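Structural characterization, general
So the chains spell out like this:
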Amino acid sequence: MLTAKNVSKTYPDNTGAGMDLNAVSDVTVEIPDNSVTVIVGESGSGKSTLSRILSYIERPDIGRIFLDDTEITALRPSELRKLRGKVQLVMQDAASSLDPHLTAEKILAEPLKLLLHLDAEQRKSRISELLGVVQLPEDLLKHRVSELSGGQQKRLCIARALAAEPQHIIFDESFSGLDVTLKKQVLTMLKDLQKTLDIGMLIITHDLDTAMYMADRIYVMRLGRIIETIDHPHSFSDFKERYSQELVKAALYKRNAIQYTANGV
Amino acid sequence: MLSKILRKPQAVIGLAMMLCVLICVIFAPFLAPNDPNKLDILHKFAESSDKYPLGTDDMGRCVMSRLIFGARASMCIALPTIGALAVISTLLATLCAYTGGIIDRIFVIVSNIFMALPPFLVAMTLVGAFESKAFGISISIAAAMWVWNAQVVRTYVLREKSKPYIITCRMSGCTELRIVLKHIIPNIVPHLLVLYSTGLSSVIIMISSYAFLGLGLETGTAEWGAMLVNADKLIYSHPEMLIYPGLCILFAAAGFNLFGEALRNICDPREG
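Analysis parameters
Residues numbered from 1 in each chain as written. Chains lettered and ligands numbered in written order. Predicted model: local features only at pLDDT ≥ 70, side-chain atom pairs only at ≥ 80, totals over all residues. Helix = DSSP H or I, 4+ residues; strand = E, 2+ residues; numbered from the N terminus. Rg over C-alpha atoms; globule rule 2.2 N^0.38 Å. Contact = placed C-beta atoms within 7 Å. Nonpolar A, V, L, I, M, F, W, Y, C, P; charged D, E, K, R; others polar. Buried ≥ 20, exposed ≤ 12 C-beta atoms within 10 Å, placed from the backbone. Axes fitted to C-alpha atoms, helices over the stretch in contact; angles between N-to-C directions. Parallel < 35°, antiparallel > 145°, perpendicular 65-115°, else oblique. Left-handed = near helix turned anticlockwise from the far one by under 90°. Core = buried A, V, L, I, M, F, W, Y, C linked by C-beta atoms within 7 Å.

Turning our eyes to something else, we now look at the overall build of chain A. Within chain A, the secondary structure is distributed over eight helices and ten strands. In terms of overall dimensions, chain A is globule-like: its C-alpha atoms have a radius of gyration of 19 Å, near the 18 Å expected for 265 residues. On the principal axes, the C-alpha backbone points of chain A span a range of 55 × 55 × 40 Å. In chain A, of all internal contacts separated by at least 6 residues, the share reaching a separation of at least 24 is 68%.

The structure is reproduced here in structure tokens:
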């Protein structure tokens with residue numbers, strides 16, 4: 001279980017106007033091991049900051065992060081590195097989140113070597129397995145990131161995260177920008193992976209359709225706070241808070257707009 | 001890599017020009033038809049002939065031999081100088097930019113102070129302080145130019161450091177040292193190649209400028225800059241005495257520039 005307890009994060013105002021930004025305020029969330037948790041909210045609601053805190057990229061100003069019984073926020077950097085593989089982050093822009101001068105093979109080999117300490121032979125067979133899991137052909141291994149398509153880059157990001165054999169994977173707006181067909185493929189693949197690999201997933205998104213398709217639990221976030229928690233959502237009527245209902249209305253409006261466009265209206 | 005270089009005309013031309021200069025540097029004693037310092041007053045300003053392919057200068061010395069040995073004199077100072085510059089600038093700027101905080105702020109202040117001084121003035125001040133002329137020239141150029149290179153390298157490192165792939169590297173278990181050595185430096189190498197290859201041409205020109213100002217190697221040394229100085233009084237009577245060393249400096253500088261630019265396009269995956 002990955003847990004954030006009463007976490008707050010404030011970014012100082014660099015303009016000198018004294019308007020510090022409270023990105024996350026007193027947030028408590030629990031990300032269970034074998035389920036999909038989704039955090040929804042509009043842009044600027046603090047979702048990405050929370051994802052960076054949960055993946056130990058940033059330290060919270062106040063509050064504590066636990067991975068099972070270990071308090072992450074109390075660890076020194078060297079101790080933290082040992083736990084690095086347990087929580088992996090998949091970022092929004094796949095192209096810029098992979099080292100452009102490396103080949104796909106080297107990108108996948110790095111966590112296998114540094115986190116799992118596998119030898120060359122073991123790495124090779126594990127890389128083949130990972131490519132099978134994310135449905136990428138083996139001949140891509142010798143290609144650099146810039147030579148791959150957007151969908152292939154996204155799958156490579158997921159494979160790299162899986163290579164670390166994590167307990168949790170956090171997807172920070174990782175599916176925005178994908179076309180509908182590709183998004184469906186990737187989400188279905190993740191759903192299958194979650195079940196077969198028994199990992200906990202946290203999906204950060206502003207897309208309620210993605211949330212409803214994937215989630216075992218949904219947190220609705222607004223202005224740095226969690227305003228609603230929905231366990232096992234079945235329909236949009238499960239959203240009770242006023243702000244959540246506005247998000248639902250926006251999602252339905254978008255869905256209708258797509259429908260009208262599809263019907264040529 | 002070699003096949004990519006051979007497919008790019010700009011790289012092939014630059015490489016060929018560089019190789020010409022380097023062949024002259026290494027095989028000067030075998031390529032030069034005569035002793036570059038042998039005086040033959042009776043044959044001064046001789047026309048081109050089998051013995052003197054580009055004629056002789058005002059002291060009857062073989063111009064072609066002096067040009068070939070001139071490459072050796074220029075490059076033997078320029079290459080170690082640019083090597084020292086590259087190591088100092090890259091290490092210092094990468095360390096300061098990646099560490100950030102107070103170390104980076106001190107670096108910025110010190111480099112701003114150095115940048116306030118014109119590089120040529122710094123070099124001229126220092127060059128006389130050393131007994132060995134070649135060593136003095138090398139040290140003074142390195143002292144004058146390191147800050148300009150280091151500032152550029154710092155900008156490259158800061159830009160790379162802020163890219164999202166650095167977070168991914170941490171997620172993959174990289175230590176800070178590994179991020180610098182395996183990810184940041186390889187990603188800025190294409191830019192460094194351009195920086196230092198164009199820097200090499202600047203150093204070649206700077207060495208020649210020293211000679212032109214009378215601060216270069218010992219009088220009479222077969223060196224392109226010194227040959228330009230000796231020929232300045234012959235501009236109307238024998239302009240070729242100026243044109244030959246001038247063309248050599250241009251040729252060497254252009255070769256390194258062309259190759260550096262082409263190599264950047266080849267190495268940088270974002271520029272295909």
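For the rest of this paragraph, the subject is the interface of chain A and chain B. The partner chain B presents 15 residues to the 22 residues of chain A that form the contact. For the side of chain A that touches chain B, the elements supplying multiple residues, two or more each, are β6 (87-90) and α3 (104-114) of chain A. Per-element tally for the side of chain A that touches chain B: the top contributor is α3(A), with three residues. When grouped by side-chain class, the residues that make up the side of chain A that touches chain B number nine nonpolar, six polar and seven charged.

Our focus in this paragraph is the environment of N257(B). Residue and element names in this part refer to chain B. You can see N257 is positioned in helix α10 (residues 240-267). According to the C-beta neighbour criterion, N257 is partly exposed, with 18 such atoms within 10 Å. Put simply, N257 and M227 are 30 residues apart on the chain and 23 Å apart in space, counted from C-alpha to C-alpha. In this structure, N257 is in contact with S197, T198 and S201, ignoring residues within four places of it in sequence.

Before going further, it helps to spend a moment on α3(A). Within the sequence span of α3(A), burial applies to A104(A), I107(A), L108(A), A109(A), E110(A), P111(A) and L112(A). Residues of α3(A) that are buried sit in contact with α4 (120-133) and α5 (150-163) of chain A.

Bringing the packing of helix α4 (residues 101-115) of chain B against helix α6 (residues 133-161) of chain B into the picture now. All names here are of chain B. Close contact between α4 and α6 brings their axes to 9 Å; oriented N to C, the two are set at 135°. One element, α4, and the other, α6, form an angle in the oblique class. When the axes of α4 and α6 are compared, the crossing they make is left-handed. Residues S111, F114 and M115 of α4 form the contact with α6, whose own contacting residues are V147, A150 and Q151.

Here the focus is the nonpolar core. Note on soluble globular proteins: their nonpolar side chains tend to be buried together. Counting 144 residues, the largest nonpolar core has V38(A), V40(A), L54(A), L108(A) and A159(A) as its most contacted members. The biggest single contributor to this core is helix α3 (residues 63-99) of chain B, with 16 residues.

All names here are of chain A. You can see D20 is positioned in the loop between β1 (2-11) and β2 (21-31). For D20, a count of 11 C-beta atoms within 10 Å translates into the label exposed. Between the C-alpha atoms of D20 and S235, which are 215 residues apart in sequence, the distance is 37 Å. Once residues within four sequence positions are removed from consideration, D20 is found in contact with T10, Y11, P12 and D13.

Take the packing of α3(B) against α4(B) next. All names here are of chain B. Their axes nearest at 6 Å, the elements α3 and α4 cross at an angle of 135°. By the angle class used here, α3 and α4 are oblique. At the point where α3 passes α4, the crossing takes the left-handed sense. Contacts between α3 and α4 involve C96, A97 and T99 on the former and, on the latter, G101, I103, D104 and F107.

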